[in-house]
Amino acid sequence: MFSKKKIGLTLSGGAARGFAHIGVLKVLQENSIPIHYVTGTSVGSIVGALICGGYGWEEILKIARDLKWSELVRPTLSGMGLVKSDRLENFINDLLGSVEFRDLEIPLRVVAVDLNRAEELIFDSGSVARAVRASSSVPGIFEPVLEKKRVLVDGGVINNLPCSLARKMGAQKVIAVDLNANPSNDQPPENLLDITYRSFAIMLNNSSMEGRSNADIVIQPELHDYNYHDLSKADDMVRKGEEAAQAQIKRLKRLR
């Protein structure tokens, strides 16, 4: 559908909660709401790369339903993290065909953080899969990605919801999908992984504040009951994303 407005879609990080992004995408595509630019952090960069590479929501959901952590990571003894994420890079390359940013159907920007310089790094060229891997490297769990003199980790450390980046790309209206609006949980953490992810979730919520204020529409799926590392509840979280987007459907349609 032709749109006079250039619309940007910004997808936050949130690990396994990223399944909710698919539900939002379902609503956007079924209602012919065009997306001209995509920015993403961490799992948002994964889903964003697939969108920009031409995948529809049904294809992404099919991939998500079969996903296992063993396809994305493997144990490491480097002392820099618990797991190594080279399999994630290979996974994205297998799905997209080793594309570079210039090859994508929709322009994409991916956010990571350089620990050496303590600054945000924006990927807009080169390997998409490499950028996604860097953006998704949760510190303390994933090994950082070493690139030249850079030590790259999850972009959520600084900018989990990069809406301003979508505007810099040319977006006149920005739809933001925030997976971390409510990081609290009444249940005590069960293990080290749970403690690490929930601590990181608090950081993600704080680093999303500027993005929420810079978006025209903020979609916040209710994910209070879902943790950040359980991949077994894809359909439930997709439904939560769909419900959150449908709640704003009138505003979304006005963007067309």
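Residues numbered from 1 in each chain as written. Predicted model: local features only at pLDDT ≥ 70, side-chain atom pairs only at ≥ 80, totals over all residues. Heavy atoms only, no water.

Within an unreviewed UniProt entry, the label attached to the protein chain reads PNPLA domain-containing protein, and the organism entered is Marispirochaeta aestuarii.

Each helix and strand in the protein chain was counted, giving 10 helices and 10 strands. For the protein chain, the C-alpha radius of gyration of 17 Å lies close to 18 Å, the compact-globule estimate for 256 residues. Overall, the protein chain is about 50 × 40 × 35 Å in size when its C-alpha atoms are taken along their principal axes. Taken over 256 residues, the protein chain has a buried fraction of 56%. Within the protein chain, contacts between residues separated by at least 24 positions form 76% of all contacts whose residues are at least 6 apart in sequence. Accessible surface for the protein chain amounts to roughly 11600 Å². Of this, 48% is attributable to carbon and sulfur atoms. If you average the places of the 32 positive and of the 31 negative side-chain charges in the protein chain, the two averages end up 6 Å apart. (Helix = DSSP H or I, 4+ residues; strand = E, 2+ residues; numbered from the N terminus. Rg over C-alpha atoms; globule rule 2.2 N^0.38 Å. Buried < 20%, exposed > 50% of the residue type's maximum accessible area, 1.4 Å probe, protein only. Contact = heavy atoms within 4.5 Å. Areas by Shrake-Rupley, 256 points an atom, 1.4 Å probe, with all protein chains shown as cover. Lys, Arg positive; Asp, Glu negative; His and termini not counted. Charge placed at Lys NZ, Arg CZ, Asp CG, Glu CD.)

For the rest of this paragraph, the subject is the packing of helix H2 (residues 43-52) against helix H4 (residues 86-96). In the contact formed by H2 and H4, the axes pass within 10 Å of each other and the chain directions differ by 15°. Between H2 and H4, the angle falls in the class roughly parallel. The crossing of H2 and H4 is right-handed. Within the contact between the two elements, H2 uses Ile-46, Ala-49 and Leu-50 and H4 uses Leu-88, Ile-92, Leu-95 and Leu-96. For the contact of H2 with H4, the per-class residue count stands at seven nonpolar, no polar and no charged. (Axes fitted to C-alpha atoms, helices over the stretch in contact; angles between N-to-C directions. Parallel < 35°, antiparallel > 145°, perpendicular 65-115°, else oblique. Left-handed = near helix turned anticlockwise from the far one by under 90°. Nonpolar A, V, L, I, M, F, W, Y, C, P; charged D, E, K, R; others polar.)

Of all hydrophobic cores here, the largest spans 75 residues; its most connected members are Leu-9, Ile-51, Leu-108, Phe-123, Val-128, Ile-175 and Leu-252. Discounting residues that sit within four places of it in the chain, Leu-9 has contacts with Leu-28, Ile-35, Tyr-37, Val-38, Thr-39, Ile-51, Ile-175 and Val-177. In this structure, Tyr-37, Cys-163, Ala-171 and Ala-215 belong to the second largest nonpolar core, which totals 10 residues. (Core = buried A, V, L, I, M, F, W, Y, C linked by side-chain atoms within 4.5 Å.)

With the rule as written, the count across this model stands at 15 salt bridges. Linking Glu-143 and Lys-84 is a salt bridge whose minimum nitrogen-to-oxygen distance equals 3.3 Å. Note that Glu-143 is positioned in the loop between helix H5 (128-135) and strand E7 (145-147) and Lys-84 in strand E4 (residues 83-84), a separation of 59 residues in sequence. With its nearest N and O atoms 3.9 Å apart, the salt bridge here joins Arg-117 to Glu-119. Residue Arg-117 is classed as exposed on the basis of its relative accessible area, which comes to 53%. On the basis of relative accessibility, which here comes to 36%, the residue Glu-119 falls in the partly exposed class. Put simply, Glu-89, Arg-130, Arg-133 and Glu-147 are held in one network by salt bridges that share partners. (Salt bridge = Lys/Arg side-chain N within 4 Å of Asp/Glu carboxyl O.)

Mapped onto this numbering, the UniProt entry gives "active site" (unreviewed entry) at Ser-42 and Asp-154. These annotated residues cover 113 residues of sequence, and their C-alpha atoms all fall within 6.0 Å of one another, placing them together at a single site. Here Ser-42 lies in the loop between strand E2 (37-41) and H2. The class of Ser-42 is buried, set by a relative accessible area of 6%. Setting aside its immediate chain neighbours within four residues, Ser-42 contacts Gly-13, Ser-135, Ser-136 and Asp-154. Take Asp-154: its relative accessible area is 1%, and that puts it in the buried class. Not counting residues up to four positions away in its chain, the partners in contact with Asp-154 are Thr-41, Ser-42, Val-113, Ala-134, Ser-135, Ser-136, Ser-137, Val-138, Pro-139 and Phe-200. (UniProt positions renumbered as here; feature names shortened; annotations may be inferred.)

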